[in-house]
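So the chains spell out like this:
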Amino acid sequence: MAKSAGTTTKEPKSQKGTTTKRVTAKAAAKSAVKSAKSAAPAAKADGRGKSLVIVESPAKAKTINRYLGSGYVVKASLGHVKDLPQKELGVDVEHDFRPTYEIIPSRTKIIGELKKAAGKAKAIYLAADPDREGEAICQHLAEELSNGKPIRRVLFQEITKNAIQEAFENPGEINSKLVDAQQARRILDRLVGYQISPLLWDKVRRGLSAGRVQTVALRLIVEREREIRAFQKEEYWTVDANLGAQSPPAFDALMIKRADQDFVTASEGESGNIAVQVQRGKLLIGSESDAQAVRAQLEKEKFVVVLTTTKERRRNAAAPFITSTLQQDASRKLGFSVKRTMALAQRLYEGVEFGDEGLVGLITYMRTDSTRVSDQALREVRNMVGSTYGGDYLPAEPNFFRGKKGAQDAHEAIRPTSAARTPDAVARYIGEDEAKLYRLIWQRFVASQMTPAVFDQTTIEIAAGEFAFRASGSVLKFDGFLKVYEEAKDQPDSEDTELGRKLPLVTEGEELRLLAIKPDQHFTEPPPRYNEASLVKELEKRGIGRPSTYASILSTIQQREYVTKQQRRFYPTELGMVVTDLLVENFDDIFDIAYTAKMEDALDGVEEGTQEWHEALSDFYTKFEKDLRRAEKHMEDIKRMEKPTELTCEKCGRPMVVKWGRHGSFLACSGYPDCTNTRELTVDLPDLNVADIPQEDPEHFCENCGRPMILKRGRFGQFLACTGYPDCKTTRQLGQAQKKPPVPIDENCPKCGSQMVIREGRFGEFTSCSNYPKCKYIKQKTMGVACPECGKGELVEKKSRWGKSFYSCDRYPKCKFSLKDKPVPQKCPQCDSAFLLEKTSKEGSSTLECQGCGHRQAA
């Protein structure tokens, strides 16, 4: 690779004194040719005279080693071996953003082993993954291992015998454009993360992070949440007509038009409070009274067919998977997270034991944006489709798919390495989740080379006075690719609604029978929260980030507690909303959605060779540095804020203020440290300006002292706490049933003389001293039976930690006698025992038994 703007490499202390050269791929290739011509035919057992092959993972190394002869030694680098330093920026922004790399501490031993192996090898083959990250790994390995040895770059899209052999027969050079593209992205992420994160640590909380793409993804989630919270639902009605023709069946027709009505679009109608509108092809009516008026008018009209059409509609198969579509479909169909999907795909790609074939890679490389398929794979899958499903399912020519703009057609789509390896054949060799994902990939690929599905679509247009109705139905005529696979959807569309709806044969001018008018009430709904599939789709649609990075982005925003996932949907936390607001306010252009997409295009330009990487960084840093200086001075200090409120402290009467703590915002007395009263803020900090804060929550009272309980937040989330703290330390989980306040009774405590009260506990009511916690006397529920063991105590009912009743002596722990069955003060008629035991069967029937003689009688 040609040197770009200079690169500095720091050596770890154990390697001081050595020099690191940056080897050009061109020079390495020339040297490789010479070495190949002069190489000895025999290879020694200790590795001398052999070729060294380096891949990222041991699993991949194991699979590749199977296809290479004894003249190769395959080792793994375990991913990246060099990176920017951990404890400093590592980028010289004054000199064309020259980076300083150092060997990752955990890779020092591996580099030593690889250097030793490289010293014995006749040539070095770098076989990292065929993408930006893989190319950077190869460049860094070349810098460390060359020492005059020939360096060759081998690329393959699948780990199969043919692909590996072809790659080693045609080695190439390290792609400098890909290396520059990876370096530009890495430096860009370092500039943003390394300089903004400390700001967040100082202003909000330690341990937080910001990212060029991560923050924009979080912004989408936060903005969607605010859209949902601000949404005002509106009532609307639809009116459908159930009609009968001369031939069956009866069918429903949708009202679509009114002659004297000027219709508006759905978006205008949802915010415009109008009486009648059109949405999704239906006539929408604003109120029940309007709907009933339309109904009354329609009951007087004649329904006449004005047009009927039947046409054939074809649905084509979807393209084979690329990274983003695999992530989306695996989420919708299998419920897999993006991270899980990529981990499973990695294992399928790197190779599994497959019966007599041994180790074999089952799918092609899973980080790709190309829908291209190799000629060999096309021939194989077409032969399989024809022989398995028949000629009707095989198109005359292979199906080709248009890739998205900027797709790298050097890569292939994600597909099985052999269509002959059916999901059923593969399933017994791999795990359950891997089998599910393989089946999905196999089905999508096979279906992509099958004929379209064919539907007969019928539409009936109907006139009823000034109203127009339409009925549509669709019947599957030929399943085509649907025999194997159907693409998942976030929401059903009109095709799904029409599918399977059979309509009668009608003629134009035919008068239909009105069987019923069906007004139906609805309410407008806010947009749904993002799930992983819809967020990936939105990020890709807007050009934010790249699919290969989506797994780490979604993991990071959850690990940083910026979002939570509930029912597979993303909800922003208060922390996520606060961080988003601070960053968007202070870095409005850097974290702008359109600018982020534009920056991605610029980075793609580096990869394509149309832009220099340091020029792209310079354009970005000019804006970023200006925003950074401003943010350092003007970013709101959330950590130290004290926002005044109109609330007063219930303990000392001083004003309450909003503060920020470890678990988020809370209300605290302004008299701190004299008064340490705090309570939970019932609204998120960013919503303070648009929401009211209640003085207190009067619905919850302490079951021990009767004082009000307030909302607080701890390490495990929100909970209710007694306002009498520290005198009363009662707490209650949210959602736990409301307990009644203590009820006084006409009885005094035998220990301290205070009045006794009836309380409600986790296992029901009990009687105890009102002077709790100073006096902890609890009146036991006696059974009227003397303890048979000590003769001094009395048997009482108690509860175990699991809520089950048992019966023991009230002199415990001096006497440890206990029973699991209820003692009944009734003498045994046979042995005169003082009590019987009440036993209950599984069916619910009860009997009385004597534990002494075994006598049994009905309860």
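Everything below is about the structure shown above.
Nothing here was measured: the structure is a model prediction, and the numbers come from that model. (Residues numbered from 1 in each chain as written. Predicted model: local features only at pLDDT ≥ 70, side-chain atom pairs only at ≥ 80, totals over all residues. Heavy atoms only, no water.)

Comments concerning the overall build of the protein
Cut-off, in case you're wondering: Strands here are runs of E lasting at least two residues and helices are runs of H or I lasting at least four, both read from the DSSP assignment and numbered beginning at the N terminus. Partly exposed residues are those whose accessible area sits between 20% and 50% of the maximum for their type, while under 20% is buried and over 50% is exposed, using a 1.4 Å probe and protein chains only. Should any heavy atoms of two residues lie within 4.5 Å, those residues are counted as being in contact. Accessible areas in this description were obtained via Shrake-Rupley with a 1.4 Å probe; residue shielding takes into account the shown protein chains only.
What the protein contains, in helices and strands, is 20 helices and 39 strands. Taking all 859 residues of the protein together, 48% fall into the buried category. Counted over contacts in the protein with a minimum sequence separation of 6, partners at least 24 positions apart contribute 64%. Here the protein has roughly 43,300 Å² of accessible surface; of this, 47% comes from carbon and sulfur atoms.

Section: the pairing of strand β18 (residues 511-523)
Note the threshold: Strands qualify as paired when DSSP identifies two bridges or more between them.
Bridge count for strand β9 (residues 235-244) against β18 is ten bridges, and the pairing is antiparallel. Of the residues in β18, the one forming a bridge with V239 is P519.

Concerning unusual backbone geometry
Look at the link from P248 to P249: it is a cis peptide, with omega at 5°. In this structure, P249 sits in the loop between β9 and β10 (251-258). In this structure, P673 follows Y672 across a cis peptide bond, with omega equal to 10°. Relative to the helices and strands, P673 resides in the loop between β23 (664-669) and β24 (678-680). Phi is positive for Q567, which is not a glycine, with a value near 50°. Relative to the helices and strands, Q567 resides in the loop between β19 (563-566) and β20 (569-572). With a relative accessible area of 70%, Q567 lands in the exposed category.

Describing the packing of helix α6 (residues 176-203) against helix α20 (residues 613-634)
In plain terms, the rule: Every axis in this analysis is a line fitted to C-alpha atoms, fitted for helices over the stretch in contact. Angles between the N-to-C directions lie between 0 and 180 degrees. Oblique is the label for any angle not under 35 degrees, not over 145, and not in the 65 to 115 range, which are roughly parallel, roughly antiparallel and roughly perpendicular in turn. Amino acid classes used here: Ala, Val, Leu, Ile, Met, Phe, Trp, Tyr, Cys and Pro are nonpolar; Asp, Glu, Lys and Arg are charged; the rest, including Gly, are polar.
Two numbers describe how α6 lies on α20: the axes approach to 10 Å, and their chain directions differ by 5°. Taken together, the axes of α6 and α20 lie roughly parallel to each other. Touching D180, Q183, A184, I187, L188, L191, V192, Q195, I196, L199 and K203 of α6 are W613, L617, F620, Y621, F624, L628, A631 and E632, all from α20. Of the residues contributing to the contact of α6 with α20, the split by class is 14 nonpolar, two polar and three charged.

What to know about the packing of aromatic side chains
What counts is decided by this rule: Each pair of aromatic rings taken from Phe, Tyr and Trp, with Trp reduced to its six-membered ring, is defined by centres within 6.5 Å and is described as stacked if the planes are under 30 degrees apart, edge-to-face if over 60, and tilted in the remaining cases. For a Lys NZ or an Arg CZ to count as sitting over a ring, it must be within 6 Å of the ring centre and within 35 degrees of the ring normal.
Taken as a whole and assessed by the stated rule, the structure comprises 14 aromatic pairs. Relative to F478, the ring of Y393 lies with its centre 4.9 Å away and its plane at 40°, an arrangement referred to as tilted. In this pair, Y393 sits in the loop between α12 (375-389) and α13 (423-427) while F478 sits in strand β17 (residues 467-478), placing the two residues 85 residues apart along the sequence. A relative accessible area of 22% places F478 in the partly exposed class. Here F587 and F624 contribute two aromatic rings whose centre-to-centre distance is 6.0 Å and whose plane-to-plane angle is 25°, an arrangement assigned as stacked. On the criterion of sequence distance, the pair formed by F587 in the loop between α18 (574-586) and α19 (593-608) and F624 in helix α20 is long-range, its members being 37 residues apart. A connected cluster of aromatic rings, assembled from ring pairs, spans F97, F587, F591, F620, Y621 and F624. In this structure, R224 packs its charged tip against the face of Y530, placed 4.3 Å from the ring centre. Over the aromatic face of F523 sits the side chain of K233, whose NZ or CZ is 5.0 Å from the ring centroid.

Points about helix α14 (residues 432-448)
This is how it is decided: A helix is expected to reach a length of 1.5 Å times the quantity of its residues less one.
Here α14 contains 17 residues, and its C-alpha end-to-end distance of 25 Å stays within 8% of the 24 Å for a straight helix at 1.5 Å per residue. Buried residues dominate α14, accounting for 13 of its 17 residues.

Focus on the sheet that holds strand β8 (residues 151-153)
Taken together, the four strands give an open sheet; going across it, the order is β3-β2-β7-β8, and neighbouring strands pair in parallel fashion. Every interior strand has two partners, whereas the edge strands, β3 (72-76) and β8, have only one. Within the sheet, the average angular offset between the axes of one strand and its neighbour, ignoring direction, is 25°. Bridge count for strand β7 (residues 123-126) against β8 is three bridges, and the pairing is parallel. Along β8, the bridge assignment pairs L126 with R153.

Some details on the side chain of S77
Put simply, the rule is: Here a polar contact is recorded for every N or O atom pair within 3.5 Å, except that within protein the pair must consist of a potential hydrogen donor and a potential acceptor, and residues adjacent in sequence are included only if both atoms are side-chain atoms.
Following the sequence through the fold, S77 ends up in the loop between β3 and β4 (82-83). There is a polar contact of 2.9 Å between the side chain of S77 and the backbone oxygen of G79. Here S77 is in contact with I54, V55, E56, R107, I110, L114, I137 and L141, once residues within four sequence places are set aside.

Here we look at the pattern of salt bridges
Threshold: Counted as salt bridges are all cases of a side-chain nitrogen of Lys or Arg within 4 Å of a carboxyl oxygen of Asp or Glu.
A full pass over the atoms with the stated rule returns 50 salt bridges. Between D202 and R640 there is a salt bridge whose closest N-O contact spans 3.2 Å. On the criterion of sequence distance, the pair formed by D202 in helix α6 and R640 in the loop between α20 and β21 (643-648) is long-range, its members being 438 residues apart. We classify D202 as partly exposed; its relative accessible area is 34%.

Some details on the environment of F321
On the secondary structure map, F321 appears in the loop between β13 (303-315) and α10 (323-334). In this structure, the C-alpha to C-alpha distance between F321 and S370, residues 49 residues apart in sequence, is 8.7 Å. Discounting residues that sit within four places of it in the chain, F321 has contacts with L326, D329, A413, I414, L440, I441, R444 and Y485.

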